[in-house]
Amino acid sequence: MPTISRKGLLMPESPIRKLVPYAEKAAKNGKSIYYLNIGQPDIKTPEVALKAVKDNTVEILSYSRSEGSDTYRKKLAAYYKKYNINVSHKDIIVTTGASEGLLFLFSSIMDPGDEVIISEPFYANYIAFSTSSGVNVVPAVCSIEDNFALPSIETFEKLITPKTKAILICNPGNPTGYLYSKEEIEKLAALAIKHDLFLVSDEVYREFVYDGNTHYSILQVEGLEEHAVVIDSVSKRYSMCGARVGCLVSKNRKVLKTVLKFAQARLSPPTYAQIASEAALDTPQSYFDDVIAEYVDRRDTLIHELQKIEGVKVAKPKGAFYCIAELPIKNSDDFAQWLLEKFDINGETVMVAPAGGFYSTPGLGLNQVRIAYVLKKESLIKAVHIIKEALKVYKD
Ligand SMILES: Cc1ncc(COP(=O)(O)O)c(C=O)c1O
């Protein structure tokens, strides 16, 4: 029998999706499930974006340029200017989601055996992108006790080896909701310059920042032009996960030239979705004001309810729409599966993401789950009640 590649065997299963068969079985058996496991918002996509596709009179759905359509990239550059990020359309390559941007970037800047330092816990697919590129992840461990703040810069610096090529952060963070301060970004930038590393920031949650805080992008740091690469997406910003449109932004010409070669090999990002994404840039501010107010309300409710459960520890997120909760259990993989297979209250149960998959350090996150507050407040209250009752009877 022909064999599978070593790389293929090493590819991790998605910790978010691996429980899906159990959820499907539970649903088939008549249980209703509160899905807190996945970052698929229930927020409506802006009307302008949907309308642009509906009203379109395109007769041939052709390829676009490999780097994305000019009109979209020009409008994107204007969007970034509003955030004091001074880039031109020539600094932007449109990708099939942030996912493809990360894949192209990893292959463009790192060779097999190279290392990327990532603040941990991190978006689980970073492991998959690293494995695809043969790159080793070196975790900079952040802890729930410190609200997942970055470890000290000295600790961070100790992780740098001759094989380190890049530092990757997610700002604001999935799965922690951590928002990096300007000072933290500047310290990381200084480290990247000192050791001649790339500083990569996944900013797909840029708009989702709460409590009067402002987002500070690595592209705003002066002197970091050759080191900074931002990964972005319309998936969360406009609740357009299915559009599959993202982008990579950098001033580093060599990075752009190399990423473009990967982009050319896959020909074009999706054409219809670029039309929708371009129109989405006209989304009124009132849309975001409403969405942010909604997320703040949900976050406050979720954290308040979780804190009422004995033995539960939770860090208050300052952005994005996730939180990590530490539960009085030993194995959250087992707990999450048990919730789907063995537990319900009046036919209702909950699906959470076991947090082990968001860590590369063995043993970390095993008593934690990631909860996405992508459901209405009433559903969140019911879901946390189910978790609370479940913890009373669950045996590790
Ligand atoms: C931090 C982060 N980066 C990237 C992605 C993937 O984005 P896209 O849908 O644009 O591929 C996600 C999706 O959940 C995410 O949370």
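See the structure printed just above.
First things first, this report covers the structure right here in the doc. (Residues numbered from 1 in each chain as written. Predicted model: local features only at pLDDT ≥ 70, side-chain atom pairs only at ≥ 80, totals over all residues. Heavy atoms only, no water.)

## Focus: the site of the ligand
Just so we agree on the cut-off: When at least one non-hydrogen atom of a residue lies within 4 Å of a molecule or strand, that residue is treated as near it. Polar contact is defined as a pair of N or O atoms within 3.5 Å, subject to the rule that within protein one atom must be able to donate a hydrogen and the other to accept it, and that residues adjacent in sequence are counted only when both atoms are side-chain atoms. Only the protein chains shown count as cover for residues, and all accessible areas are computed by the Shrake-Rupley method using a 1.4 Å probe.
Around the ligand, 14 residues are found, and the nearest of them are Ala98, Ser99, Asp202, Tyr205 and Ser233. A distance of 2.6 Å is found between an oxygen atom of the ligand and a side-chain nitrogen or oxygen belonging to Ser233. At 2.8 Å, a side-chain N or O of Lys236 approaches an oxygen atom of the ligand. The fraction of the free accessible surface of the ligand (400 Å²) that becomes covered by protein chains is 93%.

## Structural notes on the layout of surface pockets
Counted only if it meets this: The pocket and cavity definitions rest on a 1 Å grid over protein atoms only: a 1.4 Å probe that fits but cannot leave marks a cavity, an open set with protein on both sides within 12 Å along at least five of seven lines marks a pocket, and residues lining either have an atom within 4 Å of a point. Grid points are joined across faces, edges and corners, and a volume is the space filled by probe spheres set on the points. In this description a helix means any DSSP run of H or I spanning at least four residues, a strand means any run of E spanning at least two, and both kinds are numbered starting from the N terminus. When residues are sorted by character, Ala, Val, Leu, Ile, Met, Phe, Trp, Tyr, Cys and Pro go into the nonpolar class, Asp, Glu, Lys and Arg into the charged class, and all the rest, Gly among them, into the polar class.
The calculated volume of the largest pocket comes to roughly 540 Å³. Looking at the largest pocket, it is lined by 27 residues, and the ones nearest its centre are Arg17, Ser99, Tyr123, Asn125 and Lys236. Going through the elements one at a time, α5 (97-109) and α6 (125-133) are the ones with two or more residues in the lining of the largest pocket. Counting residues per element, the lining of the largest pocket draws most heavily on α5, at four residues. Volume-wise, the second largest pocket comes out at about 350 Å³. Together, 16 residues line the second largest pocket, and Tyr83, Arg206, Asn213, Thr214 and His215 are the ones closest to its centre. Element by element, the count of residues in the lining of the second largest pocket is highest for helix α11 (residues 285-307), at three residues. For the lining of the second largest pocket, the per-class residue count stands at six nonpolar, seven polar and three charged.

## A word on the nonpolar core
Filter applied, for reference: Nonpolar cores were defined as sets of buried Ala, Val, Leu, Ile, Met, Phe, Trp, Tyr and Cys residues, with membership established by side-chain atoms within 4.5 Å. Partly exposed residues are those whose accessible area sits between 20% and 50% of the maximum for their type, while under 20% is buried and over 50% is exposed, using a 1.4 Å probe and protein chains only. Here, two residues are considered to be in contact whenever any of their heavy atoms come within 4.5 Å of each other.
Counting 128 residues, the largest nonpolar core has Tyr80, Val116, Leu306, Phe335 and Ile371 as its most contacted members. Among the elements that take part in this core, α11 stands out by supplying nine residues, more than any other. Beyond its immediate chain neighbours, meaning those up to four positions away, Val116 contacts Phe106, Met110, Ser130, Val135, Asn136, Val137, Val138, Ala166 and Leu168. Within the second largest apolar cluster, eleven residues are counted, among which are Ile16, Ile144, Ile324 and Tyr359.

## As for empty space enclosed by the protein
As enumerated under the stated definition, the model contains three cavities of 30 Å³ or more in all. For the largest cavity, the lining is made up of 16 residues, of which Ser119, Pro121, Cys170, Thr176 and Tyr180 are closest to its centre. Counting residues per element, the ones that place at least two in the lining of the largest cavity are β3 (115-120) and β5 (164-170). A per-class count over the lining of the largest cavity returns eleven nonpolar, four polar and one charged. As a volume, the second largest cavity reaches approximately 50 Å³. Lining the second largest cavity we find Tyr72, Leu76, Tyr80, Asp232, Ser233, Val234, Arg237, Tyr238, Val245, Gly246, Cys247 and Leu281. If one sorts the elements of the lining of the second largest cavity by residue count, helix α4 (residues 70-82) sits on top with three residues. Residue composition of the lining of the second largest cavity, grouped by class: eight nonpolar, two polar and two charged.

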